[in-house]
Amino acid sequence: MKKRALVVGSKGQDGTLLCDLLEKNGYGVTGTGRSELDVLDSGMVSSVVAQLTPSEIYYLPAYHHSSENLPSSSADLFKHSMNVHFHGVINFLDAIVRVSPSCKLFYASSSHVFGTSESGMQNEESILSPQSEYAITKVAGMEACAFYRKVHRTFASVGILFNHESSLRKDHFLSKKIVKAAVRIAKEGKGVLELGDLDAQVDWGYAPDYVDAMHKILQLDCAADYVIATGRLHTVRDFAEIAFNSIGLDYRHHVIEKKNDALRSNGRRMGDATKLRCNTGWRPSLDFPEMVRKLVELEQAALI
């Protein structure tokens, strides 16, 4: 019997890639965005779950500061973030308990729940130290999943995702800025790109590998939290150098560093995905240089 999956937040990078992956694996996939399903309407959520009877639900919505028009106050920001990261997933967890108890749920969290660290790696046992409205409300969603696991025996797994990139990133994301600038400058023969701290370090992975991890997590017999990361740090300088070099350019001739850029305040986070690797056999398909070169190739192809 064909498995059915409901992907909530299917229009974003991860949702698009996940829907493609599930369809290739023979699933019947229903994807929903903001216009199709109000995650705050518990009756609507329950009705959709009852009608679809999915074997798997992937809850991916995120109210991220860098991709939204910011409310005028922290209070408003907390309200909107809690609606998306906490109240929405609660409605799905409750619907599973009441109308589809065998359904498995995946909740997409973020490495931001760990705050920042100047040394070591973060894993599932690391102390949570959220330092923004986004991160605090993601922790709330994680705690909701843990509560339903313990009290209702619901299969609710959490993926703590570190930075992951693909050609589907929107233009304001750092990876997309670098890749688009490199391709544009190569085509036009001139130009510059302004970036923040070139020595800022990031644990960067390839987004198709990360949605593969999401799927693998829901194939396990027991629900749990899992860090999804490469466990390797690379600088913004590394990213720019590889991207520009892949099309025959020296980044030093085209990249200008602006030390006051907001990137400097993002800190350093590096994930330890040992638990994920051991329990699922997951491995990234591309290493960092291969990923950057792949993104450049895809950007070039998109312009043809």
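Above this text sits the structure in question.
Residues numbered from 1 in each chain as written. Predicted model: local features only at pLDDT ≥ 70, side-chain atom pairs only at ≥ 80, totals over all residues. Heavy atoms only, no water.

Draft legend 1. Representation of the overall build of the chain in the model. On a plain count of helices and strands, the chain comes out with 9 helices and 12 strands. Expressed along its principal axes, the backbone C-alpha trace of the chain runs to roughly 60 × 40 × 40 Å. Within the chain, contacts between residues separated by at least 24 positions form 79% of all contacts whose residues are at least 6 apart in sequence. Taken as a whole, the chain presents about 14,300 Å² of accessible surface, with 49% of it coming from carbon and sulfur. Across the chain, the centroid of the 35 positively charged side chains sits 2 Å from that of the 36 negatively charged ones. (Helix = DSSP H or I, 4+ residues; strand = E, 2+ residues; numbered from the N terminus. Contact = heavy atoms within 4.5 Å. Areas by Shrake-Rupley, 256 points an atom, 1.4 Å probe, with all protein chains shown as cover. Lys, Arg positive; Asp, Glu negative; His and termini not counted. Charge placed at Lys NZ, Arg CZ, Asp CG, Glu CD.)

Draft legend 2. Local environment of the pairing of strand β10 (residues 225-228). Covered by surrounding structure in β10 are D225 and V227 together with Y226 and I228, the residues of both alternating faces. Here 4 bridges tie strand β5 (residues 155-161) to β10, and the two strands are oriented parallel to one another. Residue G159 lies in a different strand from β10, and its bridge partner there is Y226. (Buried < 20%, exposed > 50% of the residue type's maximum accessible area, 1.4 Å probe, protein only. Pairing = 2+ DSSP bridges.)

Draft legend 3. Main features of empty space enclosed by the protein. Enumeration according to the criterion identifies 1 cavity of 30 Å³ or more in this entry. Its volume calculated, the largest cavity comes out at about 30 Å³. Lining the largest cavity are S166, S167, S175, K176, V179, L295 and E299. Looking at the lining of the largest cavity, the elements that each hand over two or more residues are α5 (174-188) and α9 (288-303). It is α5 that provides the largest number of residues to the lining of the largest cavity, a total of 3 residues. When grouped by side-chain class, the residues that make up the lining of the largest cavity number 2 nonpolar, 3 polar and 2 charged. (1 Å grid on protein atoms, 1.4 Å probe; cavity = no way out; pocket = protein on both sides within 12 Å on 5 of 7 lines; lining within 4 Å. Points joined across faces, edges and corners; volume = space filled by probe spheres on them. Nonpolar A, V, L, I, M, F, W, Y, C, P; charged D, E, K, R; others polar.)

Draft legend 4. Structural detail: the pattern of salt bridges. This structure, assessed with the given rule, holds 12 salt bridges. A salt bridge links E188 to R184; its shortest N-O distance comes to 3.9 Å. Remark: R184 and E188 occur in helix α5; sequence separation between them is 4 residues, near one turn of the helix. The closest approach of N and O atoms between D250 and R252, which form a salt bridge, is 2.8 Å. Judged by relative accessible area, which is 24%, D250 ranks as partly exposed. According to the relative accessible area criterion, R252 is exposed, its value standing at 60%. (Salt bridge = Lys/Arg side-chain N within 4 Å of Asp/Glu carboxyl O.)

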